[in-house]
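# What the coordinates show
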Amino acid sequence: MQVTKREHASLVLTEAGHTLVIDPGVFTSPLEELTGLVGVVITHEHPDHWTPEHLTRLQKAHPGVPIYGPEGVQKAAAGFDVTAVHPGDTLDLGPFHLEFFGGKHAEIHSSIPIVDNVGVLVNDAFFYPGDSYTVPKGAHVALLAAPVGAPWLKISEAIDYVLAVKPARVFATHDMTLSVAGKQMGDARLTWAVEQNGGAFVDLGPGDSTEV
């Protein structure tokens, strides 16, 4: 399975001629030239993880493609046919086996409501938590997409998150709000964290891919 990082928090997974899109948000350039799109997963309702324009474009290019997300996404994207998924649910889309974890977004501030959020484990190997520090208990994560920059994130928490998941490899995501220097510092901290359990950091920029 190939995992391609797109801008900010968006990911494109490909396997055997099929494609899965995760979190096409406002910072993400149009996802064009996709083949065999079998589904779109939106981890939560915030606009840096989905936009009506992205969904409209993807559905026009791939008629009938299903969209999945927690109930908060169903409500926010009321103009689209979104199938609700919950922690503990599993789903098969072509060659992709999905399992959902978590349930809630990390707290930004006590004055801001906490929204629904699901992390997704794909093919028992790749995990993306959305905007949370959800640990997929029982899973041996071969590749983790770890958020590194966000209003709800402290770098100490990002470090602790990687230490808790213990992935074989990790790359940084949720990073468009960081300066170049901030991104480099975050990458260095994730590198240290993953190496504590014998893992390795993968340096991916938008458009870069790795196999898992």
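Placed above this text is the structure.
The structure reproduced in this document is the subject of the present report. (Residues numbered from 1 in each chain as written. Predicted model: local features only at pLDDT ≥ 70, side-chain atom pairs only at ≥ 80, totals over all residues. Heavy atoms only, no water.)

### Overview of the pattern of salt bridges
Throughout the structure, instances matching the rule amount to five salt bridges. Of the charged contacts in the structure, one is a salt bridge between aspartate 175 and lysine 5, with a shortest N-O distance of 3.0 Å. Placement of aspartate 175 in the loop between β12 (169-173) and α4 (180-195) and of lysine 5 in strand β1 (residues 2-5) is noted, with a sequence separation of 170 residues between them. Residues aspartate 175 and lysine 5 agree in their burial class; the two are buried. (Salt bridge = Lys/Arg side-chain N within 4 Å of Asp/Glu carboxyl O. Helix = DSSP H or I, 4+ residues; strand = E, 2+ residues; numbered from the N terminus. Buried < 20%, exposed > 50% of the residue type's maximum accessible area, 1.4 Å probe, protein only.)

### What to know about unusual backbone geometry
One can expect most non-glycine residues to show negative phi and most peptide bonds to be in trans. In this structure, histidine 8 is a non-glycine residue whose phi angle is positive, near 60 degrees. Of note, histidine 8 is situated in the loop between β1 and β2 (11-15). Here histidine 8 falls in the buried class, since its relative accessible area comes to 0%. In this structure, histidine 174 takes a positive phi of about 55 degrees despite not being glycine.

### Some remarks on the pairing of strand β3 (residues 18-22)
Where burial is concerned, most of β3 is hidden: four out of the five residues are buried. Bridge analysis of β2 against β3 gives five bridges, and the strand direction is antiparallel. Looking across to β3, one finds that valine 12 is bridged to valine 21. In this antiparallel pair of consecutive strands, β2 and β3, the connection spans two residues, and alanine 16 shows a positive phi of 55 degrees. In this structure, β3 lies alongside strand β4 (residues 37-41), joined through four bridges in parallel fashion. (Pairing = 2+ DSSP bridges.)

### A look at the sheet that holds strand β7 (residues 90-93)
Strands sit in the order β7-β8-β9-β10-β11-β12-β13 across an open sheet of seven strands; the sheet is mixed. This sheet does not close on itself; its edge strands, each paired only once, are β7 and β13 (200-201). Inspection of the sheet shows strand β8 (residues 96-104) paired to strand β9 (residues 116-122) by seven bridges, in the antiparallel sense. Each residue of the ladder has a partner; that of lysine 104, found in β9, is aspartate 116. Seen against the sheet, helix α3 (residues 155-165) touches β10 (126-128), β11 (143-147) and β12 and runs at an angle of roughly 160 degrees to β11. (Contact = heavy atoms within 4.5 Å. Axes fitted to C-alpha atoms, helices over the stretch in contact; angles between N-to-C directions.)

### Points about α4
Under the 1.5 Å per step criterion, the end-to-end length of α4 is 23 Å for 16 residues, consistent within 8% with the ideal 22 Å. Those residues of α4 not exposed but buried are Gly182, Lys183, Gly186, Asp187, Leu190, Ala193 and Val194. For α4, the angular spread of the buried residues around the axis is 135 degrees, confining them to a single face. Pointing more than 90 degrees away from the buried face of α4 are the exposed residues Val180, Gln184 and Met185. On the buried face of α4, the contacting elements are β11, α3, β12 and β13. (Expected span 1.5 Å × (residues − 1). Arc of directions from axis to C-beta.)

By themselves, these figures tell us nothing about what the structure is for.
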